[in-house]
Amino acid sequence: MGDKGDLANRLLDFAAACIKLTGRLCRTVPGRYVADQLMRSASSAGANYGEARGAESGADFVHKLQLVLKELKESAYWLKLLARVGLVPLVVLNPLLAESEELIRILAKSVVTAKGRLK
């Protein structure tokens, strides 16, 4: 997925891939429900990261990074649920699951670093 060095682009690529995936889900009631949740959380992560980059203070920056992390964790949940119920083949989900976990690790570390700079 995307350039490993540019977090904003990786988040955008992740959201785009999740949205493309949701196109495969909208044929059933459970599929539509999970598709809606996944689209919202995956796209919100990137949007909140953009907001964080324009934060008005250090505390605002940390808060917005925490929102990014929250949305990524939610996206990972929906992807894992899709795997659990078998709505999407694992071969399709595994790259998205791997990217979500990597993004979560990056953002978790960023939050810790940013919090440390506030002290």
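Predicted model only: the values in this text are computed from it and were never measured.

Comments concerning the overall build of the chain
And step 1. Looking only at helices and strands, the chain has four helices and zero strands in total.
And step 2. In sequence order, the chain lays out its α and β elements as α-α-α-α.
And step 3. On C-alpha atoms alone, the chain measures out to a radius of gyration of 15 Å, which is about the 14 Å that the 2.2 N^0.38 rule sets for 119 residues.
And step 4. Along the longest, intermediate and shortest principal axes, the C-alpha atoms of the chain span 50 × 25 × 20 Å.
And step 5. Relative to its full complement of 119 residues, the chain shows a buried share of 38%.
And step 6. Sequence-distant contacts in the chain: of pairs separated by 6 or more residues, those separated by 24 or more amount to 68%.
And step 7. Summed over all atoms, the accessible surface of the chain reaches about 6700 Å², with 57% contributed by carbon and sulfur.

Some words on the nonpolar core
And step 1. Of all hydrophobic cores here, the largest spans 31 residues; its most connected members are Leu11, Phe14, Leu21, Leu72, Leu79 and Leu82.
And step 2. Contributions of two or more residues to this core are made by helix H1 (7-22), helix H2 (29-53), helix H3 (58-85) and helix H4 (90-118).
And step 3. Of all the elements, H3 adds the most residues to this core, at nine residues.
And step 4. Sequence-distant contacts of Leu11, defined by excluding residues within four places in its chain, comprise Ala45, Gly46, Tyr49, Val68, Leu72 and Leu103.

Quick word on the packing of H1 against H2
And step 1. Running from amino to carboxyl end, H1 crosses H2 at an angle of 165°, the nearest separation of the two axes being 9 Å. Looking at the two axes, H1 sits roughly antiparallel to H2. In terms of crossing hand, the pair formed by H1 and H2 is left-handed. Along the contact surface, H1 presents Leu7, Ala8, Leu11, Phe14, Ala15, Cys18, Ile19, Leu21 and Thr22, while H2 presents Ala35, Leu38, Met39, Ala42, Ser43, Ala45, Gly46, Tyr49 and Arg53.
And step 2. Of the residues assigned to the contact of H1 with H2, the class counts are 14 nonpolar, three polar and one charged.

Observations concerning H1
And step 1. With 16 residues, H1 extends 22 Å between its outermost C-alpha atoms, agreeing within 8% with the 22 Å of an ideal straight helix rising 1.5 Å per residue.
And step 2. Along H1, the residues that are buried comprise Leu7, Arg10, Leu11, Phe14, Ala15, Cys18, Leu21 and Thr22. Mapping the buried residues of H1 onto a view down its axis gives an arc of 135°, with all of them on the same face. Opposite the buried face of H1, at more than 90 degrees from it, the exposed residues are Leu12 and Lys20.
And step 3. Residues of H1 that are buried in the fold lie against H2, H3 and H4.
And step 4. Its side-chain oxygen 3.2 Å from the backbone nitrogen of Ala8, Asp6 forms the N-cap of H1.

Examining the side chain of Asn48
And step 1. Structurally, the position occupied by Asn48 is in helix H2.
And step 2. Contact partners of Asn48, with chain neighbours within four places excluded, come to Lys64, Leu67, Val68 and Glu71.

Some thoughts on the environment of Lys80
And step 1. Its place among the elements puts Lys80 in helix H3.
And step 2. Counting along the chain gives eleven residues from Lys80 to Val91, while the straight-line C-alpha distance between them is 13 Å.
And step 3. Within the structure, the side chain of Lys80 is placed 3.4 Å from the side chain of Glu101, a separation counted as a polar contact.

Cut-offs and rules
Counting of residues starts from 1 at the beginning of each chain's written sequence and follows it residue by residue. Under the rules for a predicted model, residues below a pLDDT of 70 receive no local features and side-chain atom pairs below 80 are neither given nor counted, while totals for whole chains, interfaces and linings still include all residues. Water and hydrogen atoms play no part in the side-chain values, which are based on all heavy atoms of the structure. The helix count covers DSSP runs of H or I at least four residues long, the strand count covers runs of E at least two residues long, and both are numbered beginning at the N terminus. Note on method: radius of gyration uses C-alpha positions; expected globular size equals 2.2 Å times residues raised to 0.38. Burial status follows relative accessibility: with a 1.4 Å probe on protein chains alone, a residue under 20% of its type maximum counts as buried, one over 50% as exposed, and anything between as partly exposed. Throughout, a contact is declared for two residues whenever any of their heavy atoms are within 4.5 Å. Computed with a 1.4 Å probe, the accessible areas rest on the Shrake-Rupley method; for each residue, only the protein chains presented here act as cover. For this analysis, a nonpolar core means a set of buried residues of the types Ala, Val, Leu, Ile, Met, Phe, Trp, Tyr and Cys, connected via side-chain atoms within 4.5 Å. Note on method: axes are straight lines fitted to C-alpha atoms, helices fitted across the in-contact stretch only, with angles between N-to-C directions ranging 0 to 180 degrees. When describing relative orientation, an angle under 35 degrees is termed roughly parallel and one over 145 degrees roughly antiparallel, while 65 to 115 degrees is termed roughly perpendicular and anything else oblique. Crossings are assigned a handedness: left-handed for a near helix turned anticlockwise from the far helix by less than a right angle, right-handed for a clockwise turn. As a working rule, the residues Ala, Val, Leu, Ile, Met, Phe, Trp, Tyr, Cys and Pro are called nonpolar, Asp, Glu, Lys and Arg charged, and the rest polar, with Gly in that last group. Take the residue count of a helix, subtract one, and multiply by 1.5 Å to get its expected span. Each direction from the helix axis to a C-beta atom contributes to the arc, which is the arc of those directions. Polar contacts, as counted here, are pairs of nitrogen or oxygen atoms within 3.5 Å of one another; within protein the pair requires one atom able to donate a hydrogen and one able to accept it, and residues that are adjacent in sequence qualify only if both atoms are side-chain atoms.

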